[in-house]
Amino acid sequence: MKQDKSVVVRRSNPANLDLTGTNVAIVGGTGGIGRAFARLLAARGAHVLVVGRTFRDAGLPGIEFLPADLNLMREAERVAARLPAETLDLVVLTTGIFAAPARQETSEGIERDMAVSYLSRLVILRGIAERLGTRRPAIEHRSRVFVMGYPGTGRAGTHDDLNAEKSYHTMAVHMNTVAGNEMLVLDAARRYPHLGVFGLNPGFIKSDIRGNLLGAGSLPHRLMEGAVGLLTPSTDTYAERIVPLLVSPDLDDHSGVMFNRKGAAVRPTAALTDDHIEKFLSASTDLVTRTGVRLGPSADAG
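Residues numbered from 1 in each chain as written. Predicted model: local features only at pLDDT ≥ 70, side-chain atom pairs only at ≥ 80, totals over all residues. Heavy atoms only, no water.

*Asks:* Just to check I follow, could you spell out the sheet that holds strand β7 (residues 258-259) for this structure?
*Replies:* Pairing between the strands of a sheet is mediated by backbone hydrogen bonds and can be parallel or antiparallel. Reading across the sheet, the eight strands line up as β3-β2-β1-β4-β5-β6-β7-β8 and stay open at both edges, with mixed pairing between neighbours. Of all strands in the sheet, those with a lone pairing partner are β3 (63-67) and β8 (265-266), marking the two edges. Inspection of the sheet shows β7 paired to β8 by two bridges, in the antiparallel sense. The partner of Phe-259 across the bridge, within β8, is Ala-265. Where helix α1 (residues 32-43) meets the sheet, its contacts fall on β1 (23-27), β2 (47-52), β3, β4 (90-93), β5 (144-148) and β6 (196-200), and the angle it forms with β1 comes to roughly 165 degrees. (Pairing = 2+ DSSP bridges. Helix = DSSP H or I, 4+ residues; strand = E, 2+ residues; numbered from the N terminus. Contact = heavy atoms within 4.5 Å. Axes fitted to C-alpha atoms, helices over the stretch in contact; angles between N-to-C directions.)

Structure representation (structure tokens):
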């Protein structure tokens, strides 16, 4: 990743943040990085709605739960309709897995990693973008969307077999979701000028994301996460580093920027040209449409 030194974002000490009155939705906020974000944001006074399968923070002040199975596009569509987008200040999209050693398919006929880690986010973002922040009180900055992935790593993806029906290779499939999420940021930053849209690259952090690849709770999974935990920041440390970035006033003029694990701006993948993004998103739309779900309004896309 190449840093973009033209973008400088000041961040407050997380201990000094006062987020009273800030409304946040975290899709994937019931585990891993999303959960760490939710707990820190709530501790600083924000009202946080977390979306996921298993709620682990019942009774914690400031956190509410919306259950959802984001393997399914119809569930992503339902989540988009249920989110109180009009009053949200921040939306963080973190839900994701790694592709399994053998191809997995959802009940809607979509390769599972593609469904969970990318397409569900596309459906949710398109479903809420037009409404996002439209009923917030007059405040200084636009509503913001943060897409968790691995942007800036040079992954352009291929759009001719998004559903991995012609061939299946674990890392190639997952790298298509990585590319898709970076393109989601670049496209949405242009498509929705009334929003701020940003990418986050946490690097390696101990979480459950590799469970689908290695077998959740298996010896290889435990050994991998043990090693990752020894060598990399915890989810709580990452949250303390990045949550102040989410609310920094310096972001207002930088929609479309990606940030590395330390919160420094990085340059987008050079191969993600407008033409490539258009073709990839067109293929993504076609794949979602196969499930009977139609993407939301396109705003200024035309």
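Next, the rest of the story.
*Asks:* Looking at this structure, how should I read the packing of helix α3 (residues 112-128) against helix α4 (residues 170-191)?
*Replies:* Helix-helix packing: each pair is described by the crossing angle between the helix axes and the interaxial distance. At a closest axis distance of 8 Å, the pairing of α3 and α4 adopts a crossing angle of 10 degrees. Here α3 lies roughly parallel to α4, going by the angle between them. Of the residues in α4, those in contact with Asp-113, Met-114, Ser-117, Tyr-118, Arg-121, Leu-122, Leu-125 and Arg-126 of α3 are Val-173, His-174, Asn-176, Thr-177, Gly-180, Asn-181, Leu-184, Asp-187, Ala-188 and Arg-191. In the contact of α3 with α4, the residues fall into seven nonpolar, six polar and five charged. (Parallel < 35°, antiparallel > 145°, perpendicular 65-115°, else oblique. Nonpolar A, V, L, I, M, F, W, Y, C, P; charged D, E, K, R; others polar.)

*Asks:* Help me out: how do you make sense of the pattern of salt bridges in this one?
*Replies:* It is possible for side chains bearing opposite charge to pair when their charged atoms get close. Within this structure, the stated rule accounts for 15 salt bridges. Between Arg-131 and Glu-86 there is a salt bridge; the shortest N-O distance is 3.2 Å. On the criterion of sequence distance, the pair formed by Arg-131 in the loop between α3 and β5 and Glu-86 in the loop between α2 (73-82) and β4 is long-range, its members being 45 residues apart. For Arg-131, a relative accessible area of 22% corresponds to the partly exposed category. On the accessibility criterion, Glu-86 (17% relative accessible area) is buried. Residues Glu-165 and Arg-290 are paired through a salt bridge, measuring 3.1 Å at the closest nitrogen-oxygen approach. Of this pair, Glu-165 sits in the loop between β5 and α4 while Arg-290 sits in the segment after α8 (274-289), placing them 125 residues apart in sequence. Given the relative accessible area of 52%, Arg-290 is considered exposed. Where salt bridges share partners, they join Arg-35, Arg-39 and Asp-57 into one cluster. (Salt bridge = Lys/Arg side-chain N within 4 Å of Asp/Glu carboxyl O. Buried < 20%, exposed > 50% of the residue type's maximum accessible area, 1.4 Å probe, protein only.)

*Asks:* Which parts of the structure should I look at to understand α8?
*Replies:* Residues spaced three or four apart along an α-helix point in a common direction, a consequence of the helix completing one turn every 3.6 residues. Its 16 residues place the ends of α8 22 Å apart at the C-alpha level, agreeing with the 22 Å of an ideal helix rising 1.5 Å per residue. Buried within α8 are the following residues: His-276, Ile-277, Phe-280, Leu-281, Ala-283, Ser-284, Leu-287 and Val-288. Projected onto a plane normal to the axis of α8, the buried residues spread over an arc of 155 degrees and lie on a single side. Summarising the geometry of α8, the exposed residues directed more than 90 degrees from the buried face are Asp-274 and Glu-278. Buried residues along α8 sit in contact with α2, α3 and α4. (Expected span 1.5 Å × (residues − 1). Arc of directions from axis to C-beta.)

*Asks:* Sorry, what's going on with the pairing of β6 here?
*Replies:* The side chains of a regular strand alternate, residue by residue, between the two faces of the sheet. Among the five residues of β6, five are classified as buried, and the element is accordingly described as predominantly covered. Across five bridges, β5 lies against β6 in parallel orientation. Bridge pairing in β6 places Met-148 opposite Leu-200. The handedness of the β5 to β6 crossover, carried by α4, is right-handed. When β6 meets β7, the two strands line up parallel, connected through two bridges. (Right-handed = clockwise from strand over helix to strand, strands pointing away.)

*Asks:* Can you help me understand the side chain of Ser-120 in this one?
*Replies:* Within the secondary structure, Ser-120 is located in helix α3. A polar atom in the side chain of Ser-120 sits 2.8 Å from the backbone oxygen of Val-116. Not counting residues up to four positions away in its chain, the partners in contact with Ser-120 are Leu-70, Met-73, Ala-76, Thr-95 and Ala-115. (Polar contact = N/O pair within 3.5 Å; in protein donor to acceptor, adjacent residues only side chain to side chain.)

So, to be careful, I would describe these as geometric facts and stop short of saying anything about function.
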